[in-house]
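The chain contents come next:
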Amino acid sequence: MTLSRRQALGGIIAGTAAGTGGRPVAANPVPPAASSGPDGVCVLWPQLDQGPYYFDPKLVRADISDGRPGAPVRLILKIIEFGSCKPLAGARIDIWHCDAGGIYSGYSGQGDKRDTSTKDQTYLRGTQMTSADGTVIFNSIYPGWYPGRTPHIHIKGFLGGNTVVTGQAFFPDDVSARVYSGTSPYFARPVPDTTNTTDGIFNDGQMDGGGIVFALTSDGTTMAAALTIAIDRSGQSGGTQGWGEKLRDLFGGR
């Protein structure tokens, strides 16, 4: 039996949520707390590969879906300073990800047979500036999968001058499995060949604080994926992969 979009999303979120150990998530799409530790202590976001599919279409917009079919997702990102946990206002945040079929906009040689081109398209890409409370919100769809990668969202932050930080955020494997098996058009390719536990880039993040997984909620129609990102611009955190000024600029990626 094929579920409707509303039924599928309701069932997905009734399952487990990132970082909750399988406990039900809250009813309202509120970003998670900046830190579960003592006041003034934040966990650094691991800086991860940009990947081969970045370009800047110069589109400042909240809705990046461009009509692509898929389960609607509201991405809620809160950017804070490492240590003080103060909001980082006025930072430029770019995000990009593949569509339900695992295809990025703007590139050729994609798809399971490497024969799909999306040259001159800009779907599922966009830019916003963080608000006074450090937040940006993008309306998009749940990303599909492509060979060798678990579902993910790319995030790049421009913090002024030459300071650029780059990362990836992930979704719980069980949620992805439910989306892909019960929601159109994902069920055309329902079984990813890679999960979080077998994705090398996810595991790179785990080595320095964890492959970062969204906290999820839903109103039955739209899924909310929330994340708080702590950025160390001082370079004093001591991490090797955290988002910080001392770290390498990943414009080249892989």
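Preceding this section is the structure that the text describes.
Note on numbering: residues in each chain are counted from 1, in written sequence order. It should be noted that, the model being predicted, local features are given only for residues of pLDDT at least 70 and side-chain atom pairs only at 80 or more, the latter also being counted only at that level, while totals for whole chains, interfaces and linings use all residues. Heavy atoms from the whole structure form the basis of all side-chain values; hydrogens and water molecules are not counted.

Undergrad: Kindly report on the environment of Ala 224, identifying the contributing residues and their values.
TA: The numbering of helices and of strands both runs from the N terminus, where a helix is a DSSP run of H or I of at least 4 residues and a strand a run of E of at least 2. With respect to the secondary-structure elements, Ala 224 resides in strand β8 (residues 223-231). Measuring from C-alpha to C-alpha, the distance between Ala 224 and Arg 74 comes to 4.7 Å, with 150 residues separating the pair along the chain.

Undergrad: Any chance you could break down the packing of aromatic side chains for me, citing the residues and the numbers?
TA: Any pair of Phe, Tyr and Trp rings, taking the six-membered ring for Trp, is counted once the centres come within 6.5 Å. Such a pair is stacked with planes under 30 degrees apart, edge-to-face with planes over 60 apart, and tilted for the rest. This model, assessed by the stated rule, comprises eleven aromatic pairs. Measuring from centroid to centroid gives 4.5 Å for Tyr 142 and Phe 171, while their planes differ by 45 degrees, and the two rings are tilted. Placement of the pair is Tyr 142 in the loop between β4 (135-141) and β5 (152-158) and Phe 171 in the loop between β6 (164-170) and α2 (173-182), with a sequence separation of 29 residues. Across this residue pair, the class does not change: Tyr 142 and Phe 171 are buried. Only lysine NZ and arginine CZ atoms are considered, and such an atom sits over a ring when it is within 6 Å of the ring centre and within 35 degrees of the ring normal. Here the basic side chain of Lys 156 rests over the ring of Tyr 54, its NZ or CZ set 5.1 Å away from the ring centre. Each residue is placed in one exposure class: buried if its accessible area under a 1.4 Å probe, protein chains only, is under 20% of its type's maximum, exposed if it is over 50%, and partly exposed if it falls in between.

Undergrad: Lay out the sheet that holds strand β1 (residues 72-81) with the relevant residues and their values.
TA: Strand pairing in a sheet relies on backbone hydrogen bonds, with the paired strands running either antiparallel or parallel. DSSP calls a pair of strands paired once it identifies at least 2 bridges connecting them. If you walk across this open sheet you meet the four strands as β4-β1-β8-β7, and the pairing is mixed. The outermost strands of the open sheet, each flanked by one partner alone, are β4 and β7 (215-218). Geometrically, the sheet is characterised by an average inter-axis angle of 25 degrees between neighbouring strands, direction not taken into account. Sheet topology note: the β1/β8 ladder contains nine bridges and is parallel. Counted as the bridge partner of Glu 81 is Ile 231 from β8. A fitted line through C-alpha atoms serves as each axis, taken over the contacting stretch for helices, and the angle formed by two N-to-C directions is quoted from 0 to 180°.

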